[in-house]
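# Coordinate analysis (summary)
One-letter residues, chain by chain:
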Protein chains: 2
Amino acid sequence: MTEIKPERLPSKENFIEWYNSLLQLAEIADRRYPVKGTFVWLPYGFKIMKKLVEIWDEIFEKNGIEQIYFPLFVPMEFAKMNEEWFEGFKTDAFYVEGENVILRPTGEPAMYPIFKYWIMEGKLPIRIYQTVSSFRNEGKTTHTMIRDREITFWHEIHTAHKTREEAKEEMEKHRKIYEYIWKEILNIPPICVEKPNYEIFPGADSAYEFYTILPNGRLLENGSVNNLGQAYAKKFDLFYIDENGKKEYVWQVCTGNGARFLVAVIALHGDERGLVLPPRIAPIKVVIVTIPKDNKNYLEEAEELKEKFENAGIDSFVDKSDKTPGEKFNIWDIKGVPIRVEIGEREVKEGFYTVYRRDTKERIRVQKDKIEEVIRSLLENDIPKFLYEKIMILYQQKIKFFDDIEDAKKWVEEGNVAKVNWCGKKECFESIKELGPSIEAIGFIVDEKKEGKCLICKEQTDKLTIFGKTY
Amino acid sequence: MTEIKPERLPSKENFIEWYNSLLQLAEIADRRYPVKGTFVWLPYGFKIMKKLVEIWDEIFEKNGIEQIYFPLFVPMEFAKMNEEWFEGFKTDAFYVEGENVILRPTGEPAMYPIFKYWIMEGKLPIRIYQTVSSFRNEGKTTHTMIRDREITFWHEIHTAHKTREEAKEEMEKHRKIYEYIWKEILNIPPICVEKPNYEIFPGADSAYEFYTILPNGRLLENGSVNNLGQAYAKKFDLFYIDENGKKEYVWQVCTGNGARFLVAVIALHGDERGLVLPPRIAPIKVVIVTIPKDNKNYLEEAEELKEKFENAGIDSFVDKSDKTPGEKFNIWDIKGVPIRVEIGEREVKEGFYTVYRRDTKERIRVQKDKIEEVIRSLLENDIPKFLYEKIMILYQQKIKFFDDIEDAKKWVEEGNVAKVNWCGKKECFESIKELGPSIEAIGFIVDEKKEGKCLICKEQTDKLTIFGKTY
């Protein structure tokens, strides 16, 4: 909405300052809305999120998970059915005056009493999701999209199954869906951990959590998959009668994440020039900028190229504004458009296009008749691969293995993440927490093991955890 | 979600009973959510609304109206900036305990103070919309989707312009957009009126409102287009400095409607068998049902046909459940799928398909090689045309012109709508209101004039209004 001035971004070293400026300059969020922990989604930011929402809608539909919508008001009698849930949220909930309701902090207490009707009507398994705002009355410092009081674009999957095995399978399915989103859509290597059982909901079976590492070294929780076991079923009396006439509680899985996907994209792919969007979620994949000279503006050539892209199904945009080419380059760099095509005198005379990659900042010459092919290959292969590998390298620099507690602590305090052997015992978990403010071990790394001694108790183990400061 | 039993719908004569049963049987809404004036959108209902939302997103984007998202919390200082707005909503607002905010009843007070920043930054015109829930603490009887306390899928367009002329043009644009949605997407003849000036927001220029007539004769407000003039601009101090250095307030337009579109579809197209969906918003356009005989189930033929439809871009579904064909017919009739194709012994032997139209309830034989062509023509032409004309006939029966007040009153009390000459004066408007509870004149009919005498004061006029009971 707002006119972008070709301002400089603060250095990415000052992450939060850089991040907040970028949200405004790239027209993602207007942070001036005066209710703490809320903000306005601007059209460009909205479009990016909508791309992502369309993708998850499609993935969920393909997996047979149906979209529904539950009201935002959760009746107090529902909220209190699970006293542990309520204990966890009661100080964080927003209460509506004169009404016996809270605004939904999470979906369980709204949905599960209605699940009861559906199960009684013979409907199992239940596999549904909704994309909606959630509300938390955060006392802590809020950060746009990282810690909001209105958490926007939150998707929550909730399922119910007849058997433990079915729920276990469901959980693995969702881990794979998240991995797919991280790798293929966002081009970010996923960090997935399994939470130790004292960190999950009482009575639940297990939980996976995905994390990303922000440039300031902070670990950001970025999606969770919870195998709830029968913990909620017992609270909400969700049961069916099996073939032997026996009452059996259902087994449940839930997952959730939202705009934090975009936080990871901004923070990890973004650079000193602005956003760098993974092609799959870029609203504009190619921007065409002409370099006018001697009263020739080359707009005809630009329109011709745009039409070519349209026919090839590539979302492109011709910047016809009266800004200088330099200003335009700057704006589209800030907005992270994956590819820019430049058309000027040389291009027209010599019959080629200049193609600029936002990710590598390289310019290449492409013959006119090869343009769709080259662009498609860049969007589908080269750019995603480059982005992914860049984060891999960053993670290799940010995450180091330690077997000495003091070295590990020092490393974390310098804004990094430590990988250590860890037995998994609660005492050892607590000891890591005591290393400093906001420091936390985040759980067993899935898909990586290494023989060694627990950093704290020195017991032999092959399990690993990473720890660092969290948001 | 819930299993549909082949239950009978109550007679449509008892409209609200029929309507509420249909919401549940067609799996549109689960009305058992225990917060007054709220309900759960079931997967099938959600899919229908999503189709409609995708259509309006596309229309708005094509018209250059950008999608944004404002928080649900409206700060009290914003809410009170326009004291007339606040007066209108203060008893109907939901207040959040301990926070100086209300839940958004409408978008103006959330958006316009932020418009101020954008205008100061040189951004005019502003043309944005959002699709979101709105909240009204309705004291009156609530009716699902007709009068809710959480109004879901509400879209609101808000614009700001430099000149009165630009705002006027904008308003006409939106009237045409609404007309297009009514006619082409929902296949319902629009009833558009211009509100008399004492019925619009103080200081506003003018307002169009769209209405539908429910089968019980009630008039339902169904979308509005408001030319706000400078009324809000003055309250929210939205101005720019013109070329002469003069401070000039902006001119604004806003529009809004939501799930009431679906109410109109259900109420007007639906019949004694259930929903009848206009093809454009039907999530499944063709359902394929096989009629098994002697251990032959014809599923192969069904899949083959589904593939044909897929290649032709026609959303189809093969019902492979183990229900009887009769039960399946019943379910898909309730769900309003526009076309059913039946494949059984005769069809396979004789090389044709039986095609059933949900709208006319006719069955026709279609040669196999003509099937895509016939289906496409039914979906794009015949069915929309039939639906539209059916409502035209209904409206002709429901709306009668009167020049006698007693006759008109009697007609309205029998569950109809009266069309009358009306001078437009406030006294005459009030007199119509006094004819009985819920009776209201709704404004000047756009696009229809007739010479005659005002029903009340007998003054000569060519203006017409319709009046009846409203929701």
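Here the residue numbering is sequential within each chain, running from 1 through the sequence in written order. Numbering of ligands from 1 and lettering of chains from A proceed in the order in which they are written. Reporting in this predicted model follows two pLDDT cut-offs: at least 70 for local features of residues, and 80 or more for side-chain atom pairs to be given and counted; totals over whole chains, interfaces and linings ignore these cut-offs and use all residues. Side-chain metrics in this entry use all non-hydrogen atoms of the structure; hydrogen atoms and water are not considered.

### A word on the nonpolar core
For the record, the criterion: To define a nonpolar core, start from buried Ala, Val, Leu, Ile, Met, Phe, Trp, Tyr and Cys residues and group those joined through side-chain atoms within 4.5 Å. Per-residue accessibility, obtained with a 1.4 Å probe over protein chains only, is compared with the maximum for each type, and a residue is labelled buried under 20%, exposed over 50%, and partly exposed between these values. Any two residues whose heavy atoms approach within 4.5 Å are treated as being in contact.
A:W41, A:M145, B:W41 and B:M145 are the most contacted members of the largest nonpolar core, which has 258 residues in total. Here A:M145 is in contact with A:Y19, A:L23, A:I28, A:A29, A:F39, A:W41, A:A259, A:R260, A:L262 and A:V263, once residues within four sequence places are set aside.

### Looking at the packing of aromatic side chains
The cut-off we apply is this: Each pair of aromatic rings taken from Phe, Tyr and Trp, with Trp reduced to its six-membered ring, is defined by centres within 6.5 Å and is described as stacked if the planes are under 30 degrees apart, edge-to-face if over 60, and tilted in the remaining cases. Geometrically, a charge over a ring is one whose NZ (Lys) or CZ (Arg) sits within 6 Å of the ring centre while staying within 35 degrees of the ring normal.
This model, assessed by the stated rule, comprises 54 aromatic pairs over all chains. Among the aromatic residues, those joined into a cluster by ring pairs are A:Y33, B:F70, B:F78, B:Y112, B:F115, B:W118, B:F201, B:Y232 and B:F236. Its guanidinium or amino end placed over the ring of A:Y208, A:R175 lies 5.2 Å from that ring's centre, counting from NZ or CZ.

### Points about helix α9 (residues 299–311) of chain A
Residues and elements named next belong to chain A. The criterion, for reference: Helix and strand definitions here come from DSSP, where helices need a minimum of 4 consecutive H or I residues and strands a minimum of 2 consecutive E residues; each element is numbered from the N-terminal end. Multiplying one less than the number of residues by 1.5 Å gives the expected span of a helix. Comment: arc refers to directions from the helix axis out to C-beta atoms.
Here α9 contains 13 residues, and its C-alpha end-to-end distance of 18 Å stays within 8% of the 18 Å for a straight helix at 1.5 Å per residue. Listed as buried for α9 are A302, L305 and F309. End-on, the buried residues of α9 take up no more than an arc of 65°, which puts them together on one face. Opposite the packed face of α9, turned more than 90 degrees from it, sit the exposed residues E300, E310 and N311. Considering only its buried residues, α9 is in contact with β14 (286–290), β15 (316–318), β16 (339–343), β17 (352–357) and α12 (371–398).

### Looking at the environment of A:Y198
Residues and elements named next belong to chain A. Put simply, the rule reads: Think of a polar contact as two N or O atoms within 3.5 Å of one another; within protein, one of them needs to be a possible hydrogen donor and the other a possible acceptor, and neighboring residues in sequence only count if both atoms come from side chains.
Turning to its location among the elements, Y198 is positioned in the loop between β8 (191–194) and β9 (206–213). Note: C-alpha distance between Y198 and I157 (41 residues apart in sequence) is 23 Å. Apart from the residues within four sequence positions on either side, Y198 is in contact with W422, G424, K425, K426 and F429. Here the side chain of Y198 touches G424 through a polar contact of 2.8 Å, landing on its backbone oxygen. A distance of 3.3 Å separates a polar side-chain atom of Y198 from the backbone oxygen of K425.

### Focus: the pattern of salt bridges
Pairing between side chains becomes possible if they bear opposite charge and their charged atoms approach one another. So the rule is basically this: Whenever a carboxyl oxygen of Asp or Glu lies within 4 Å of a side-chain nitrogen of Lys or Arg, that contact is scored as a salt bridge.
For the structure shown, the criterion picks out 82 salt bridges over all chains. The residue B:E99 makes a salt bridge to A:R149 at a minimum N-O spacing of 3.1 Å. You can see B:E99 sitting in the loop between α4 (83–89) and β5 (101–103) and its partner A:R149 sitting in the loop between β6 (126–135) and β7 (150–161), one on each of two chains. Classification of B:E99 as partly exposed rests on a relative accessible area of 22%. Residue class for A:R149 comes out buried when judged on its relative accessible area of 6%. Note that B:E342 is salt-bridged to B:R340, the shortest N-O span being 2.9 Å. Neither residue differs from the other here; B:E342 and B:R340 are each classed as buried. Salt bridges linked by common partners bring A:D271, A:E272, A:R273, A:D333, A:R340, A:E342, A:R358, A:K361 and A:R363 together as one network.

### Some details on the interface of chain A and chain B
Threshold: Note on definitions: buried area is the accessible-area loss of two parts on being combined, 1.4 Å probe, summed for both.
Counting residues at the interface gives 53 residues for chain A, matched by 53 residues for chain B. Roughly 4800 Å² of surface becomes buried between chain A and chain B when both sides are summed, with 64% attributable to carbon and sulfur atoms. Between the two partners, chain A and chain B, sit six salt bridges. Ionic pairing is found between B:E121 and A:R32, a salt bridge with its closest N-O pair at 2.7 Å. Run the count over chain A and chain B and you get 24 residue pairs in polar contact (both at pLDDT 80 or more).

### A short note on the packing of helix α2 (residues 43–62) of chain A against helix α6 (residues 164–185) of chain A
Residue and element names in this part refer to chain A. Quick note on the threshold: Here the axes come from fitting lines to C-alpha atoms, over the contacting stretch only for helices, and the angles between their N-to-C directions go from 0 to 180 degrees. Each angle gets one of four labels, with under 35 degrees taken as roughly parallel, over 145 as roughly antiparallel, 65 to 115 as roughly perpendicular, and the rest as oblique. Two helices that cross are described as forming a left-handed crossing if the nearer one is turned anticlockwise from the farther one by less than a right angle, and a right-handed crossing if clockwise.
Remark: α2 packs on α6, axes separated minimally by 12 Å, with the N-to-C direction vectors making an angle of 140°. Classified by the angle between their axes, α2 and α6 sit oblique to one another. Where α2 crosses over α6, the handedness of that crossing is right-handed. Contacts between α2 and α6 involve L52, I55, W56, I59 and F60 on the former and, on the latter, I177, Y180, I181 and I185.

### A word on a negative patch on the surface
The condition that has to hold: Note on patches: the residues involved have over 30% relative accessible area and no salt bridge, like charges join within 9 Å, and the nonpolar side chains Val, Leu, Ile, Met, Phe, Trp and Tyr join within 5 Å. Reported accessibility uses the Shrake-Rupley method at a 1.4 Å probe radius. Residues are deemed covered only where the shown protein chains occlude them. His residues and chain termini do not enter the charge count, which takes Lys and Arg as positive and Asp and Glu as negative. Think of each charge as sitting on NZ of Lys, CZ of Arg, CG of Asp or CD of Glu.
A cluster of acidic residues, A:E54, A:E58, A:E61, B:E54, B:E58 and B:E61, forms a negative patch at the surface. Relative to the helices and strands, B:E54 resides in helix α2 (residues 43–62).

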